[in-house]
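Summary of structural features
Below, each chain spelled out in residue letters.
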Amino acid sequence: MSERPVCAFLWLIWLFLTSFLWRCLFAVLWCCQYTPNPNSTLCPTLHDREPQKAVGGEGRVHRVMESTLTARDRVGVQDFVLLENYTSEAAFIENLRRRFGEKLIYTYIGSVLVSVNPYKDLEIYSKAHMERYRGVSFYEISPHIYAVSDNTYRAMRTERRDQCILISGESGAGKTEASKKILQYYATTCPVTDHMSTIRDRLLQSNPVLEAFGNAKTLRNDNSSRFGKYMDVQFDFRGAPIGGHILNYLLEKSRVVHQNHGERNFHIFYQLLEGGEQDQLSKLGLERNAQKYHYLVKVCVCVCGCCPRVSSINDKSDWKTVRKALTVIGFHEEEVEDLLNIIASVLHLGNTQFGEGEDGETQITTEPQLTYLSKMIGPLSFEQAVAARDALAKAVYGRAFTWLVAKINQSLAFKDEVYNSSKGSSSVIGLLDIYGFEVFQHNSFEQFCINYCNEKLQQLFIKLTLKSEQEEYEAEGITWEPVKYFDNKIICDLVEEKHKGFISILDEECLRPGEPSDISFLEKLEDTLGGHAHFVTHKLANGKTRKAVGREEFRLIHYAGEVNYTVNGELANQSVICQSDNQILSQCFNREEVTTQKRPETAATQFKNSLAKLIEILMSKEPSYVRCIKPNDAKQSGRFDEALVRHQVKYLGLMENLRVRRAGFAYRRRYEAFLQRYKSLCPGTWPNWQGRLADGVATLVQHLGYKPEEYKLGKTKIFIRFPKTLFTTEDALEARRPALALTLQTSWRGYRERAKYHRIRNAVIQSAWRGMKSRRKARRRRHAAEIIRKFIKGFIYRHYERCPENEYFLDHQRFSFLMTLVRNPPKSVLDKSWPVPPPSLTEASEHLCRLCMQNMMRAYCRRIQPEWKKQMEQKVVASQIFQDQKDSYPQSVPKLFVASRLGREFNLKVIQTLGNDKVKYGVAVTKYDRRGYKARPRQLLLTSSFAVLVAEAKLKQRIDYAALRSISVSSLTDGFMVLHVPSEDNKQKSDVVLQCDHVIEVVTKLATMADKKNKVNISQDSIKFAVARGKEGVIDFTSGPELKVAKGKKGHLLVTAPQLNPR
Ligand SMILES: Nc1ncnc2c1ncn2[C@@H]1O[C@H](COP(=O)(O)OP(=O)(O)OP(=O)(O)O)[C@@H](O)[C@H]1O
Ligand SMILES: [Mg+2]
């Protein structure tokens, strides 16, 4: 088979195969959509509901669809938006319960993550899990805290916009755990360099330290955060964590001096007593027994005294963790010591007891060395002294906590100045772990602050959710249908409005001159806020409500429910530190703070201001929400207390959230994604839609029988109002699957068999082709080896007579000689190049060379013109006479001889005198007299039989050629010539001495015409010539720089001929 057709054939096979492969690849990909695999990026996902959050996922979403829809019946819905009966709280809770039962603790409401505390390790937080969620689009995979973390991170990176994750829920719902999981996710999955790993470790280690100082065991949570925390994690342009900052809110300082039954003080006290070295404790004056400290066991009425010890807490090992964390964060030993001194001093302060002195004054009755304390606290009643001590302890602890946060912030701050100068390139993710709505039997100022905080966050949530929803509808050109929701701004205003709000009234009452009292404060509230729809007191209420509100209480109707707050002690809390003039405070606190004349801010105002700042921070960021729910009060795994959950669903405003989310459309999906998934349901769109995507979707939904109220088509997305519509479509797809699968299977099998057949056929063709090629190659090699062998042998025998051994070599030599000659023959008659012939061809080569030259010469001669021939003949004569004889000859060779040098200068008279003898050549010459060597200008005319010298119109001398004996010239460059004529001939005037610029030409022409070529004498030094009657003249020639003619001493004519320039 020849090479070319085989190539073409193989190429055709390849073309066929590749086109078929593409089709099959497409079929396989398409098939993959129907095998949901939560790990695969090809796995179906739910939908792209949040435009601002579907970062990087859009491209992939169209390939990956609703795995959740497929699994919806098994484990409820993984997005509450899919709930058909979305207004039913029962359906909502049932969905949570079912999923919780299946250990699915996470569910979405759109982009909001609802998390139910499992109270056990579910093993869903491993590194492998993190990797599964890393870089995967939000809806491609089941709901998880990592999905929210990753989505937020990618949104920050791709949109370069600061993000925040707001975690809320009641105590024990899992907020702190969630925030730690998020931080761990970033620490594990974000890129880090060596330097950054320090920051990463510090970020992680800040948690145990803050938890030790700010967390405590409560009835609701063994590790309850008793402060609000907002933490910024700063990332660089590569997405690596490079710094952080923590803001703390309202530490529950009252816990330092008082804990409810079954609760504990802050962990650090027990950790120090349990885990601290004996030396250290002695130095601090402490004993390893929490029972000894009033602030740690004071209120505990537990007979066994078990409160300090909690089974779920290991204070000893926690102490080690905290000590290590303090080192990682960068605390110096002295700083740690100072911190522990403060902790110890608080414990000592708690143990300080008072008694009444002789004259009724209060004295410290415990440690004698503390007597000074009583002096400094001054003349106070027993209750006042206890309150002052406790206030001092709280303040000291509170300030120490604030200092601790500031110190951690210093260590987390990113210090690279180069980087700081280009801050624009970094981005931030904020984590807000803040107390949820709280309602107790007795709600104090702290509950008020917490609930106020929740009101503010709810406000923010409403604003941002509605805003983003509306933005999307606007962007898609869908008419926005306003959603009715309760705007809690009215409650926020009730609390914080200037002059009229709760906090303003509290400030006023607290700081006015005179004794502030709780009752006067309540009256003031009634005066100012009476009539407000969300404010009730015992006096203002009537009927049933009046019974529910105590006389020392006021009720606020929050968005999440009604809460009665007691005013008892409200003012005392606010003012005891502000008004104290105790000098000890000046050592612990900023002196300016105590001595300043400025009205100090009350705790309520401070809280209000810090909250306003927090809202400002959150507003500047793109928010994500995690709503934590506590399934039971017993901290038990697997128990789902419906009443408790319902309570939280209400307080977290989840139903409201869902209603807002569903008010518009349950689904929105980009056209390409929708079409890609459901195109098989409509013959018009199957297998591929060629036109505009919007038209394709319109065709599809028309075919599916969607009613106009069920959907709307936006610019890039289809919006489906009810989940039912989508489920029906999904069911149709389910029903279509077997047929599609069969088609795919058939195609696949067909493809597989064809591929196999082609493979075999290709293999056969290929082996035949390769065999042929190899055989051909081997043949060529053999032949080549044969020739080389012959050649070598021939070379060895080249000098022998022709014989079989050398005949190939000799032939080759001849052949190559002849071929060289053919390819490079001599180019012209002057080209003497000729290739060297092999010895056997030497003679033939000479013949050839001669023949070649003759040929070329003949051709040359044939081409030559008559004038040129004449010229050449004259030049030949000149060369015969002068070559190698006269110095000026070489210069004359290239100069052409001319017919005459005189042109029209012939004198007519002279012509007439000459009669029939035509002048054949004329030239201007200088004639030298024979005697005096006087130079005279003449013309020398040559006719066919004589030469004449003419002076103007006169014929001066005629020299018959027959009489011309010879012509003499010198061998130098001069132009002298002597025409020798017999002096005895009377007709002739004796020898003539002439000088001419064209002596070679003149002599050649004269010698030719006179046929005296052999009579030209070329003398070296001198020419003798006959003067007259036997007398002789001599011309002496010498070489000199220039031509000179002069008469010599002996009567000789001296001619200096110019020397030729040496070449
Ligand atoms: N995802 C989880 N997996 C396993 N256990 C969890 C999870 N979330 C929370 N818990 C358990 O619940 C306890 C309480 O959680 P956490 O401290 O996070 O609550 P919280 O909402 O921060 O409460 P508080 O407002 O009192 O600080 C944790 O100590 C832990 O035992
Ligand atoms: Mg917490």
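Our subject is the structure that appears above.
Read on for a plain summary of the structure. (Residues numbered from 1 in each chain as written. Chains lettered and ligands numbered in written order. Predicted model: local features only at pLDDT ≥ 70, side-chain atom pairs only at ≥ 80, totals over all residues. Heavy atoms only, no water.)

Here we come to the overall build of the chain. Within the chain, the regular secondary structure consists of 37 helices and 29 strands. The buried share of the chain, taken over its 1063 residues, is 50%. For the chain, the proportion of contacts with a sequence separation of at least 24, taken over those separated by at least 6, is 64%. With an accessible surface of roughly 53,500 Å², the chain has 53% of that area assigned to carbon and sulfur atoms. (Helix = DSSP H or I, 4+ residues; strand = E, 2+ residues; numbered from the N terminus. Buried < 20%, exposed > 50% of the residue type's maximum accessible area, 1.4 Å probe, protein only. Contact = heavy atoms within 4.5 Å. Areas by Shrake-Rupley, 256 points an atom, 1.4 Å probe, with all protein chains shown as cover.)

Their axes nearest at 8 Å, the elements helix α10 (residues 267-275) and helix α13 (residues 315-329) cross at an angle of 100°. As the angle between them shows, α10 and α13 are arranged roughly perpendicular. On α13, the residues touching I268, Y270, Q271, L272, E274 and G275 of α10 are D315, K316, D318, W319 and V322. (Axes fitted to C-alpha atoms, helices over the stretch in contact; angles between N-to-C directions. Parallel < 35°, antiparallel > 145°, perpendicular 65-115°, else oblique.)

Our focus in this paragraph is the sheet that holds strand β21 (residues 954-960). Here we have 8 strands laid out as an open sheet, ordered β21-β20-β19-β18-β24-β23-β22-β25, and mixed in their pairing. Looking at the sheet topology across the chains shown, the edges are occupied by β21 and β25 (1016-1019). Shown here is a sheet whose adjacent strand axes are inclined to one another by a mean of 30°, direction ignored. Taken together, the 3 bridges between strand β18 (residues 921-928) and strand β24 (residues 992-995) define a ladder with antiparallel strand orientation. Each bridged residue has a counterpart across the sheet, and for Y928 the counterpart in β24 is V993. (Pairing = 2+ DSSP bridges.)

A word on the packing of aromatic side chains. Applying the stated criterion across every chain yields a total of 33 aromatic pairs. Ring centres of F266 and Y397 lie 4.9 Å apart, and the angle between their planes is 15°; on these two criteria the pair is classed as stacked. In this pair, F266 is assigned in the loop between α9 (254-257) and α10 and Y397 in helix α16 (residues 382-412), connecting sequence segments 131 residues apart. The residues F266 and Y397 share a single accessibility class, namely buried. Relative to F1025, the ring of Y933 lies with its centre 6.4 Å away and its plane at 70°, an arrangement referred to as edge-to-face. With Y933 in the loop between β18 and β19 (935-942) and F1025 in strand β26 (residues 1022-1026), this residue pair connects regions lying 92 residues apart in the sequence. The class for F1025 is buried, based on a relative accessible area of 1%. The structure contains a cluster of three or more aromatic residues connected by ring pairs, namely F445, F448, Y452, F502, F521, F535, F554, Y565 and F607. If you follow R264 out to its NZ or CZ, it ends over the ring of Y270, 3.9 Å from the centre. Directly above the ring of F946 sits R958, whose terminal nitrogen or CZ lies 3.7 Å from the centroid. (Phe/Tyr/Trp six-rings, centres within 6.5 Å; stacked < 30°, edge-to-face > 60°. Lys NZ or Arg CZ within 6 Å of the ring centre and 35° of its normal.)

The next thing to look at is the coordination of the magnesium ion (ligand 2). Protein-derived coordination of the magnesium ion (ligand 2) comes from T176 (OG1) and S225 (OG), at a distance range of 1.9 to 2.0 Å. With T176 in helix α7 (residues 175-189) and S225 in strand β5 (residues 224-225), this pair connects stretches of sequence that are 49 residues apart. Grouping residues by exposure puts T176 and S225 together as buried. (Donors = N, O, S within 2.8 Å, 3.2 Å for Na, K, Ca; no water.)

Along the polypeptide, D232 turns up in strand β6 (residues 228-235). K621 provides the closest opposite charge to the buried, unpaired D232, separated from it by 4.2 Å. Looking at D232, its side chain comes within polar contact range of the side chain of Y230, at 2.7 Å. When near neighbours in sequence (up to four residues on either side) are disregarded, D232 contacts G243, G244, H245, V428, I429, G430 and K621. (Lys, Arg positive; Asp, Glu negative; His and termini not counted. Salt bridge = Lys/Arg side-chain N within 4 Å of Asp/Glu carboxyl O. Polar contact = N/O pair within 3.5 Å; in protein donor to acceptor, adjacent residues only side chain to side chain.)

Around ligand 1, 17 residues are found, and the nearest of them are S171, K175, T176, S224 and S225. Note that an oxygen atom of ligand 1 is positioned 2.6 Å from one of the side-chain N or O atoms of S171. Within the contact set of ligand 1, an oxygen atom lies 3.0 Å away from a backbone nitrogen or oxygen of G174. Calculation on ligand 1 without its partners gives an accessible area of 620 Å², and the protein chains cover 85% of this total. Counting residues per element, the ones that place at least two in the shell around ligand 1 are α7 and β5. The leading source of residues in the shell around ligand 1 is α7, at 3 residues. For the shell around ligand 1, the per-class residue count stands at 4 nonpolar, 9 polar and 4 charged. (Near = heavy atom within 4 Å. Nonpolar A, V, L, I, M, F, W, Y, C, P; charged D, E, K, R; others polar.)

With that settled, consider the pattern of salt bridges. Taken as a whole and assessed by the stated rule, the structure comprises 43 salt bridges. One salt bridge connects K292 with E287, and the closest N-O pair in it is separated by 3.4 Å. For K292, a relative accessible area of 44% gives the class partly exposed. Across the pair R901 and E1001 runs a salt bridge whose closest N-O atoms are separated by 2.4 Å. Here R901, found in the loop between α35 (889-892) and α36 (908-914), pairs with E1001, found in helix α37 (residues 999-1009); they are 100 residues apart in sequence, far enough to count as distant. Note on R901: relative accessible area 29%, which makes it partly exposed.

Right, let's talk about the side chain of S888 for a bit. Tracing the chain through its elements places S888 in the loop between α34 (866-882) and α35. If we ignore the near neighbours within four places in the chain, the residues touching S888 are L972, T973 and I1000.

Below, the discussion takes up unusual backbone geometry. The amide bond that connects W686 to the next residue, P687, takes the cis arrangement and shows omega of 0°. Relative to the assigned elements, P687 resides in the loop between α29 (671-678) and α30 (693-704). Although it is not a glycine, E123 adopts a positive phi angle of roughly 55°. Within the secondary structure, E123 sits in the loop between β2 (112-116) and α5 (127-133). Overall, the relative accessible area of 62% leaves E123 in the exposed class. Non-glycine residue H499 carries a positive phi angle of around 70°. Mapped onto the secondary structure, H499 falls in the loop between α19 (489-496) and α20 (502-511). Overall, the relative accessible area of 65% leaves H499 in the exposed class.

This part takes up a nonpolar patch on the surface. A surface patch of nonpolar side chains, amounting to about 480 Å² of accessible area, comprises I788, F791, I792, F795 and I796. Looking at the secondary structure, you find I792 in helix α31 (residues 723-796). Looking at I792, the relative accessible area reads 48%, which means it is partly exposed. (Patch = residues over 30% accessible without salt bridge, like charges linked within 9 Å, V, L, I, M, F, W, Y side chains within 5 Å.)

This paragraph deals with the pairing of β2. Of all 5 residues that make up β2, 5 are buried, and the element is covered over most of its length. Both faces of β2 are covered, namely the face carrying V112, V114 and V116 and the face carrying L113 and S115. Relative to β2, strand β1 (residues 106-109) runs antiparallel, the two sharing 4 bridges. Within β2, the residue paired with Y108 across the bridge is L113. Linking β1 back to β2 in an antiparallel pair, the connection comprises 2 residues, with G110 at a positive phi of about 65°. In terms of strand pairing, β2 meets strand β14 (residues 622-629) through 4 bridges, oriented parallel. Among the inter-strand pairings, V116 is bridged to a residue of β14, identified as I629.

For the rest of this paragraph, the subject is the pairing of strand β23 (residues 976-980). Of all 5 residues making up β23, 5 are buried, and the element is well covered by its neighbours. Alternating residues of β23 divide into F976, V978 and H980 and M977 and L979, and every residue in both groups is buried. Between the antiparallel neighbours strand β22 (residues 966-970) and β23 lie 5 residues. Sheet analysis places β23 next to β24, joined by 4 bridges and oriented antiparallel. Following the sheet pairing, L979 is matched in β24 by V992.

Quick look at the environment of V645 now. Here V645 shows up in helix α27 (residues 642-651). The exposure class of V645 is buried, given its relative accessible area of 0%. C-alpha of V645 to C-alpha of L96: the two residues are 549 residues apart in sequence and 9.1 Å apart in space. For V645, the residues in contact, after removing those within four places along its chain, are I93, L96, I629, K630, P631 and F640.

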